[in-house]
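One letter stands for each residue in the lines below.
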Amino acid sequence: VQLQASGGGLVQAGGSLRLSCAASGRTFSTYAMGWFRQAPGREREFVAGISHSAGSEYYSDSVKGRFSISRDNAKKMVYLQMSDLDPEDTAVYYCAAGREAWAPIQIDPRRYSYWGQGTLVTVSS
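Residues numbered from 1 in each chain as written. Predicted model: local features only at pLDDT ≥ 70, side-chain atom pairs only at ≥ 80, totals over all residues. Heavy atoms only, no water.

Caption draft 1: Here's a closer look at the overall build of the protein chain. Summing up its helical and strand segments, the protein chain has 0 helices and 11 strands in all. Starting at the N terminus and walking to the C terminus, you meet the elements of the protein chain as β-β-β-β-β-β-β-β-β-β-β. The C-alpha atoms of the protein chain give a radius of gyration of 13 Å, which matches the 14 Å a tight globule of 125 residues would have. Overall size of the protein chain, expressed as C-alpha extent along the three principal axes, is 40 × 25 × 25 Å. (Helix = DSSP H or I, 4+ residues; strand = E, 2+ residues; numbered from the N terminus. Rg over C-alpha atoms; globule rule 2.2 N^0.38 Å.)

Now the structure itself:
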């Protein structure tokens, strides 16, 4: 699976952005997908995950209620809708595909084998 993230940019606090992740590969629909982020000087952290069938989602406490993850298996796309953005959300955002087919959502980045190149989100105050 190859992944390419897009949609980042500069937004004011309180604003919204939608990130997209385009995947290639026939087995996309068998992998749980996740969004992670990494701010300067900080470790990469889990943001949101979605199961292979989109039947379940999971969010970090810091984004719960503000972000929404979705996927379209027919289009091989994963999305992260971000609302009510805060300067603390400033980071490079990465999409990732799980290491094992049919596995549940994982929050540990070591459980993901495929990563997009990242897209920068900057939230100004």
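So that's the structure; there's more coming.
Caption draft 2: Expanded view of the pattern of salt bridges. With the rule as written, the count across this model stands at 6 salt bridges. Residue arginine 42 pairs with glutamate 88 through a salt bridge whose shortest N-O separation is 3.9 Å. Linking arginine 42 in the loop between β4 (33–38) and β5 (45–50) with glutamate 88 in the loop between β8 (77–82) and β9 (91–98), this pair joins segments that are 46 residues apart in sequence. When its relative accessible area of 48% is taken as the criterion, arginine 42 is described as partly exposed. Salt bridges linked by common partners bring Arg37, Glu45, Arg66 and Asp89 together as one network. (Salt bridge = Lys/Arg side-chain N within 4 Å of Asp/Glu carboxyl O. Buried < 20%, exposed > 50% of the residue type's maximum accessible area, 1.4 Å probe, protein only.)

Caption draft 3: Here's a closer look at the pairing of strand β11 (residues 119–124). A one-sided burial pattern is seen for β11, the buried positions being Thr119, Val121 and Val123 and the unburied ones Leu120, Thr122 and Ser124. Looking at chain direction, strand β2 (residues 9–12) and β11 are connected through 4 bridges and run parallel. What sits directly across from valine 11, in β11, is valine 123. Note that β9 and β11 share 3 bridges and pair antiparallel. Each bridged residue has a counterpart across the sheet, and for tyrosine 93 the counterpart in β11 is threonine 119. (Pairing = 2+ DSSP bridges.)

Caption draft 4: Molecular detail of the side chain of threonine 119. Note on placement: threonine 119 falls in strand β11. Here glycine 8 takes part through its backbone nitrogen, which lies 3.0 Å from a polar atom of the side chain of threonine 119. (Polar contact = N/O pair within 3.5 Å; in protein donor to acceptor, adjacent residues only side chain to side chain.)

Caption draft 5: Layout of the state of the cysteines. Tallying each qualifying case throughout the model produces 1 disulfide. Note on cysteine connectivity: cysteine 21 is disulfide-linked to cysteine 95, with sulfurs 2.1 Å apart. Handedness of the cysteine 21-cysteine 95 disulfide follows from its S-S torsion of about 65°: it is right-handed. With cysteine 21 in strand β3 (residues 17–24) and cysteine 95 in strand β9, this pair connects stretches of sequence that are 74 residues apart. (Disulfide = S-S within 2.5 Å.)

Caption draft 6: View of the pairing of β8. Buried residues dominate β8, accounting for 5 of its 6 residues. Across 6 bridges, β3 lies against β8 in antiparallel orientation. The residue bridging serine 20 from the neighbouring strand is tyrosine 79, located in β8. In sequence, strand β7 (residues 67–72) turns back onto β8 through a hairpin of 4 residues, with lysine 76 there showing a positive phi of about 55°.

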